[in-house]
Amino acid sequence: MLYGFFLLLLLNAVGDMISHQFHLLIPGHVIGMLLLWAYLSIRGNHPIPESLNRAVSPLLAYLALFFVPINVGILDHLSIFQTEGSVIAWAMGVGLIVPLLFTAITLEWWFRRTEATNSTAPLQHSKQQS
Amino acid sequence: MTPSITSLFNSPLGGLTLTLWAYSLAVYAFKKGRCHPLLNPSVWATLLVIAVVLAFKIPPKLYQESSSILIFLLKPATVALAVPLHRYRHALRQHWKPLLISLVMCSGIAVVSSTGLAWCLGASKTVLLSMMPKSITTPIGISISYTLGGVPALTVAFIMLTGLGGALLAPLLFRFLNIRHPIAQGFTLGAVSHGIGTAAAYQLSDEAGAFSGLAMALHGVLAVILFPWIAHLLGIALVY
């Protein structure tokens, strides 16, 4: 587990250095994620190292916990909502619901369609055979 | 009485104790309520901490410094998102086209619907530019806001509200609209509500979480390339 955690930190650090070196807007930990993804993809079907698995599962299980201190920072910005509050509320509400609906409905439609064609294809095949 | 409580927050002891207490309580309530979306642990843990911080007059900045270890752990956790992605590589290889197309459209729709409406309602330029990256993961969103000429602090607030709002609303919408496919659920949550959405997606299923993490990362990278262009196209810089 420690070795796995070290690997995550190392990739994070390498990502940070790349981000600084090339003045990228993408933060180091996102680059680190892409690096780890590339590394695992190169390994292909080799199983993921056990120590990495052990380090990753608690981090992902408690993802929601790590956001709590950041979320509390909203207390610092309450004054802005007093001046332009209603405009912000409308724009944020519509800007949340519309893309949510669009993406969820589009993708669900796509997956139902592909699953429908996948399940009918062998059926047609067997009909032709008979 | 209050000064002694505040002094606990000069070390990680106060912040960690308070956050872990609030989070455990929120998770307990979530499980007791059979994982009802409105009992989202992120939201309720945040509200509990806010209530305590306000009640004992603890400065929010002090609380955040005290629990900075948790904020730091977000970074290796983001790197860790590559592992579930790798686990679902076959599904990704099969569906990357519709996912990418819907992500680009979702990104455009999110920006146009929010900033467009705010513009029509007469919001200030600061609010418009700060609102653009509201669906992007916080660290990327902040830097985009800065390059566009927005106020990063305001952007953080918008990002947070979009994250919490999506984490609360999306699972309800999924039930209501009968959205059942885990990839559709997860990808939507990550594309719209970034990290907080990804945390919520992990509560739906492992597969949903994996694709939520993917959507969040891709949306971040996409936004860095795309948003300066969208801002230009919307003519925000020209109108004012």
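Residues numbered from 1 in each chain as written. Chains lettered and ligands numbered in written order. Predicted model: local features only at pLDDT ≥ 70, side-chain atom pairs only at ≥ 80, totals over all residues.

(A) Looking closely at the overall build of chain A. A tally of regular secondary structure across chain A gives five helices and zero strands. Along chain A, helices (α) and strands (β) appear in the sequence α-α-α-α-α when read from the amino end. Computed over its C-alpha atoms, the radius of gyration of chain A comes to 23 Å, more than 25% above the 14 Å expected for a compact globule of 130 residues. Principal-axis analysis of the C-alpha atoms gives chain A an extent of 75 × 50 × 30 Å. Burial statistics for chain A: of 130 residues in total, 35% are counted as buried. Sequence-distant contacts in chain A: of pairs separated by 6 or more residues, those separated by 24 or more amount to 46%. (Helix = DSSP H or I, 4+ residues; strand = E, 2+ residues; numbered from the N terminus. Rg over C-alpha atoms; globule rule 2.2 N^0.38 Å. Buried ≥ 20, exposed ≤ 12 C-beta atoms within 10 Å, placed from the backbone. Contact = placed C-beta atoms within 7 Å.)

(B) A look at the interface of chain A and chain B. Opposite the 59 residues of chain A that make contact, chain B presents 88 residues. Elements with a contribution of two residues or more to the side of chain A that touches chain B: helix 1 (2-21), helix 2 (28-43), helix 3 (50-61), helix 4 (63-72) and helix 5 (78-129) of chain A. Looking at the side of chain A that touches chain B residue by residue, the class counts come to 46 nonpolar, 10 polar and three charged. (Nonpolar A, V, L, I, M, F, W, Y, C, P; charged D, E, K, R; others polar.)

(C) Spotlight on helix 9 (residues 138-148) of chain B. Counting buried residues along helix 9 of chain B, eight of its 11 residues qualify, which places the element largely inside the surrounding structure. Buried within helix 9 of chain B we find Thr138, Pro139, Ile140, Gly141, Ser143, Ile144, Ser145 and Leu148 of chain B.

(D) Structural context of the nonpolar core. Core analysis: the biggest nonpolar cluster contains 103 residues, and Met33 and Val68 of chain A together with Ala80, Ala82 and Phe187 of chain B have the highest contact counts within it. By residue number, the principal contributor to this core is helix 10 (residues 152-177) of chain B, which donates 12 residues. When residues no more than four places from it in sequence are discounted, the contact partners of phenylalanine 187 of chain B are Thr103 and Leu107 of chain A together with Leu99, Phe211, Ser212 and Ala215 of chain B. (Core = buried A, V, L, I, M, F, W, Y, C linked by C-beta atoms within 7 Å.)

(E) Looking closely at the packing of helix 4 of chain A against helix 2 (residues 12-32) of chain B. In the contact formed by helix 4 of chain A and helix 2 of chain B, the axes pass within 10 Å of each other and the chain directions differ by 120 degrees. Considering their axes alone, helix 4 of chain A and helix 2 of chain B lie oblique with respect to each other. Crossing geometry of helix 4 of chain A relative to helix 2 of chain B is assigned as right-handed. Contacts from Leu65, Val68 and Pro69 of chain A of helix 4 of chain A reach helix 2 of chain B at Gly15, Thr19, Ala22 and Tyr23 of chain B. Within the contact of helix 4 of chain A with helix 2 of chain B, the residues separate by chemical class into five nonpolar, two polar and no charged. (Axes fitted to C-alpha atoms, helices over the stretch in contact; angles between N-to-C directions. Parallel < 35°, antiparallel > 145°, perpendicular 65-115°, else oblique. Left-handed = near helix turned anticlockwise from the far one by under 90°.)

(F) Representation of the confidence of the model for chain B within the structure. Residue and element names in this part refer to chain B. Taken over all residues, the pLDDT of chain B has a mean of 86, while the share at 70 or more is 96%. By mean pLDDT, the top-scoring element of chain B is helix 2 (94), and the lowest-scoring one is helix 13 (residues 236-239) (51). In the predicted assembly, ipTM is 0.82 and pTM is 0.79. (pLDDT = per-residue confidence, 0-100.)

(G) Region of interest: the environment of leucine 222 of chain B. Residue and element names in this part refer to chain B. Position of leucine 222 among the secondary structure elements: in helix 12 (residues 206-234). C-beta crowding within 10 Å serves as the criterion here: with 18 such atoms nearby, leucine 222 is assigned to the partly exposed category. When near neighbours in sequence (up to four residues on either side) are disregarded, leucine 222 contacts Leu103, Val104 and Ser107.

(H) Highlighting unusual backbone geometry. Residues and elements named next belong to chain B. Despite not being glycine, lysine 57 shows a phi value in the positive range, around 55 degrees. Locating lysine 57 in the fold gives a position in the loop between helix 3 (41-55) and helix 4 (60-66). Judged by the 10 C-beta atoms lying within 10 Å of it, lysine 57 falls in the exposed class.

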